[in-house]
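As a plain string of letters, each chain reads:
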Amino acid sequence: MTSELLIQTSGQQSSAADILRERILQKKARVGVLGLGYVGLPLAVEFARAGFDVVGIDVQQSKVDQFNGGHSYVKDVKDDVFRPLVESGKLRATTDYSVIRELDTIDICVPTPLRKTKDPDMSYVVAASDAIAEHMHPGLLVMLESTTYPGTTDELVLPKLEERGFSVGKDFFLCFSPERVDPGNPKYQTSNIPKVVGGITPACTELGALFYKQALETVIPVSSTRVAEMVKLLENTFRMINIGLVNEMALMCERMNIDVWEVIDAAATKPFGFMPFYPGPGLGGHCIPIDPFYLSWKSKEAGIEARFIELAGYINGRMPEFVIEKVQKALNDASKPVRGSRIHILGTAYKRNIDDVRESPALDIIHLLQRLGATVTFSDPFVHKIHINGTELQSQEMLPCVEAADCVVIVTDHTGIDYASVVEKSKLIVDTRNALKGFRSERIVRL
Ligand SMILES: NC(=O)c1ccc[n+]([C@@H]2O[C@H](COP(=O)([O-])OP(=O)(O)OC[C@H]3O[C@@H](n4cnc5c(N)ncnc54)[C@H](O)[C@@H]3O)[C@@H](O)[C@H]2O)c1
């Protein structure tokens, strides 16, 4: 199909764009979300709340069953919001891709992990694009939300969607819109985080922006999919490099016997030109440790070595070992070797107040301590179990473990923990997050 698709309606010819625009404005567009994880589920909820009929598609039958049972498995979306949307029929899920034929819009929210070699693993985006291509039809608006390297939408997704002869910007519409959700953030959630969107053609951008405006507070159109892809990578690379810088500061301060936390707090009093970042046990989650490597991979192709990214990646990757050195030294000062010691890890999620352990430094720290011969337990109010080298560890009751441990290591600074009791009952604490700010004790060792 090379010329603009024109559809006969009541004697007049309307373009696919005109029809889609009307359906979006009247909230009659049938909305699809492909990939119902931390990103896809909240997005589906926002469009159902805005009055659209929404279908979620996922390959995991267990997720689809939970979804259709009215149970939200994403902590930031509460069941009392989720269940009524499912019960009213506004929101449903399926594993059947053929539903795409009935949709007007589809957002792709599938994982974009790294391979062991730190190259992008595009297999999920490819599978999602193939599924859409198979059920492609005139008038469909496709948005890729998965974080990825610049060029993915036009080089990888677009050719697949054009396979059947449909023409972008005329017969169907394609955008990239980075997902910026911050799980556990009480102030900013899917609905009030400004949404950047860039299309392959101006018509794609216009329709993508119109679509998001129906459910989200602020929409920022940009000139192309590549700009939109790069926006997300700039944001996450900015964080990753600044965390790398402050982690290096922590290593320097350790050697110079300076309290890095006090330095940062004092520097943050400067009312301009400084933004505080904090050191920690290492990066975690599905974004900051991964996304910058999508950029460095792509920039190599363009002949540029992303040196900041590689260096920050190296420093951040060293942090779990630095924590182990701290634990070793603290135990040695108390005349105990790590081998045979009982060590309790407080918090395993990659950041505070969430249940996600993907890429969490806690996993590396536990693994390294076990290799050194320590007996390791953990407690986390959000995480019930973790797997270390194929072995399952269950979260334990906190205070008895704290009391029994030779050393407690605070890896995640969840709020709501009774830190006063932790300080009172432990023999030794290595605090990697400054969770014990304000507590004074010789038994506390800070990062
Ligand atoms: N989690 C975050 O905080 C966050 C924030 C911003 C951006 N992102 C990005 O958003 C994307 C999704 O991340 P997430 O955290 O939601 O991942 P997730 O693993 O929680 O969810 C992805 C879902 O996609 C499903 N899926 C995989 N392949 C599929 C296919 N071919 N068809 C249908 N469903 C499929 C999986 O079963 C899973 O339910 C990633 O690119 C990530 O980098 C994540």
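Enquirer: I keep staring at the site of the ligand and nothing clicks. Help me out?
Expert: The ligand sits among 27 residues. The nearest are D58, Q60, K63, Y97 and T112. The contact in question runs from a nitrogen atom of the ligand to an N or O atom on the side chain of Y97, over 2.7 Å. Grouping the constituent residues of the shell around the ligand by class yields 15 nonpolar, seven polar and five charged.

Enquirer: Whenever I open this one, the pattern of salt bridges confuses me. Can you help?
Expert: Oppositely charged side chains may form a pair once their charged atoms are brought near each other. All told, the structure shown has 24 salt bridges when counted by the stated rule. Salt-bridge contacts for D18 lead to R21; the nearest nitrogen and oxygen are separated by 2.9 Å. Of this pair, D18 and R21 both sit in helix 1 (residues 16–25), three residues apart, roughly one helical turn. As a salt-bridge pair, K90 and D53 come within 2.9 Å of each other at their nearest N and O atoms. Of this pair, K90 sits in the loop between helix 4 (79–87) and strand 5 (91–94) while D53 is found in strand 4 (residues 53–57), placing the two residues 37 residues apart along the sequence. On the accessibility criterion, K90 (25% relative accessible area) is partly exposed. For D53, a relative accessible area of 40% puts it in the partly exposed group. Through salt bridges with shared partners, a single ionic network connects D154, E155, R226, K298 and E301.

Enquirer: What am I meant to see in the pairing of strand 10 (residues 219–222) here?
Expert: Consecutive side chains of a regular strand alternate in pointing toward one face of the sheet and then the other. Across four bridges, strand 9 (residues 195–199) lies against strand 10 in parallel orientation. Pairing of K195 across the sheet is with V219, part of strand 10. In the classification by handedness, the crossover that spans strand 9, the intervening helix 7 (residues 202–213) and the parallel strand 10 is right-handed.

Enquirer: Could you clarify how one ought to interpret the pairing of strand 7 (residues 141–144) in this entry?
Expert: Side chains L141 and M143 of strand 7 all project onto a buried face; the interleaved residues V142 and L144 project onto the opposite face, where all are buried too. When strand 6 (residues 105–108) meets strand 7, the two strands line up parallel, connected through four bridges. Across the sheet, the residue bridging to I108 is L144, located in strand 7. Each parallel crossover has a hand, and for strand 6 linked through helix 5 (residues 123–134) to strand 7 it is right-handed. One ladder, built from four bridges, connects strand 7 with strand 8 (residues 173–176); its direction is parallel. Pairing of M143 across the sheet is with C175, part of strand 8. Following the backbone out of strand 7, through helix 6 (residues 152–161) and into the adjacent parallel strand 8, one traces a crossover that is right-handed.

Calculation rules
Residues numbered from 1 in each chain as written. Predicted model: local features only at pLDDT ≥ 70, side-chain atom pairs only at ≥ 80, totals over all residues. Heavy atoms only, no water. Near = heavy atom within 4 Å. Polar contact = N/O pair within 3.5 Å; in protein donor to acceptor, adjacent residues only side chain to side chain. Nonpolar A, V, L, I, M, F, W, Y, C, P; charged D, E, K, R; others polar. Salt bridge = Lys/Arg side-chain N within 4 Å of Asp/Glu carboxyl O. Helix = DSSP H or I, 4+ residues; strand = E, 2+ residues; numbered from the N terminus. Buried < 20%, exposed > 50% of the residue type's maximum accessible area, 1.4 Å probe, protein only. Pairing = 2+ DSSP bridges. Right-handed = clockwise from strand over helix to strand, strands pointing away.

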